[in-house]
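Here's the letter readout for the chains.
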Amino acid sequence: MSRNAKINTLLLLVVAALAVLPLALGLGDHKEEPFTGADGEAETAITELQPDYEPWFTPLYEPPSGEIESALFSLQAALGAGVLAYYFGLRRGRRQGAARAGAAGGVADGEVAARGAEDGGGPADGGRDA
């Protein structure tokens, strides 16, 4: 097994452990909604510390249910991942294309140099005929 395969396997195991351990250990069993987002946790903490706190602004759109809010968040994450994947794929494709063009150009230059040497001139003497 190559080094990269070992690293990828280890990373996959760590991600799986991070996903399964909170459920297996029962973390959050004492809460009404055990795995709410950070926004919900922050709102609860603020209202406990400062019951008369007034938010600075209100949301432009308040989804009618938590499921719709979760779906919109997932859609936003998927769109962001798609944009990033497109960008990195485009950069990689350009880099590979430039490498292939450079390799093809090197072969063409080598052929020109060989032909120049046959004619009596070439890159060594600046391409002048003897």
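Small disclaimer: the values here were computed from a predicted structure and weren't measured.

Let's talk about the overall build of the protein chain
Turning to step 1, where the next piece is worked out: Summing up its helical and strand segments, the protein chain has 3 helices and 0 strands in all.
Turning to step 2, where the next piece is worked out: Seen in sequence order, the protein chain has helices and strands lined up from the N terminus as α-α-α.
Turning to step 3, where the next piece is worked out: Residues counted as buried form 4% of the 130 residues belonging to the protein chain.

Some details on helix 1 (residues 3–24)
Turning to step 1, where the next piece is worked out: Across its 22 residues, helix 1 extends 31 Å between first and last C-alpha, which sits within 8% of the 32 Å expected from 1.5 Å per residue.
Turning to step 2, where the next piece is worked out: Of the residues trailing helix 1, G26 is marked for its positive phi of about 75°.

Comments concerning a negative patch on the surface
Turning to step 1, where the next piece is worked out: Taken together, the side chains of D39, E43, E62 and E69 make up a negatively charged region of the molecular surface.
Turning to step 2, where the next piece is worked out: Locating D39 in the fold gives a position in helix 2 (residues 38–49).
Turning to step 3, where the next piece is worked out: Here D39 falls in the exposed class, since its relative accessible area comes to 68%.

Quick notes on a nonpolar patch on the surface
Turning to step 1, where the next piece is worked out: There is a patch of nonpolar side chains on the surface, built from L60, Y61, I68, L72, L75 and L79 and spanning about 680 Å² of accessible area.
Turning to step 2, where the next piece is worked out: In this fold, I68 is placed in helix 3 (residues 66–119).

Topic: the confidence of the model for the protein chain
Turning to step 1, where the next piece is worked out: In the predicted model, the protein chain carries a mean pLDDT of 81, and 78% of its residues have values of at least 70.
Turning to step 2, where the next piece is worked out: For the protein chain, helix 3 is the element with the lowest average pLDDT, namely 82, and helix 1 is the one with the highest, namely 92.

The rules behind each value
Residues numbered from 1 in each chain as written. Predicted model: local features only at pLDDT ≥ 70, side-chain atom pairs only at ≥ 80, totals over all residues. Heavy atoms only, no water. Helix = DSSP H or I, 4+ residues; strand = E, 2+ residues; numbered from the N terminus. Buried < 20%, exposed > 50% of the residue type's maximum accessible area, 1.4 Å probe, protein only. Expected span 1.5 Å × (residues − 1). Patch = residues over 30% accessible without salt bridge, like charges linked within 9 Å, V, L, I, M, F, W, Y side chains within 5 Å. Areas by Shrake-Rupley, 256 points an atom, 1.4 Å probe, with all protein chains shown as cover. Salt bridge = Lys/Arg side-chain N within 4 Å of Asp/Glu carboxyl O. Lys, Arg positive; Asp, Glu negative; His and termini not counted. Charge placed at Lys NZ, Arg CZ, Asp CG, Glu CD. pLDDT = per-residue confidence, 0-100.

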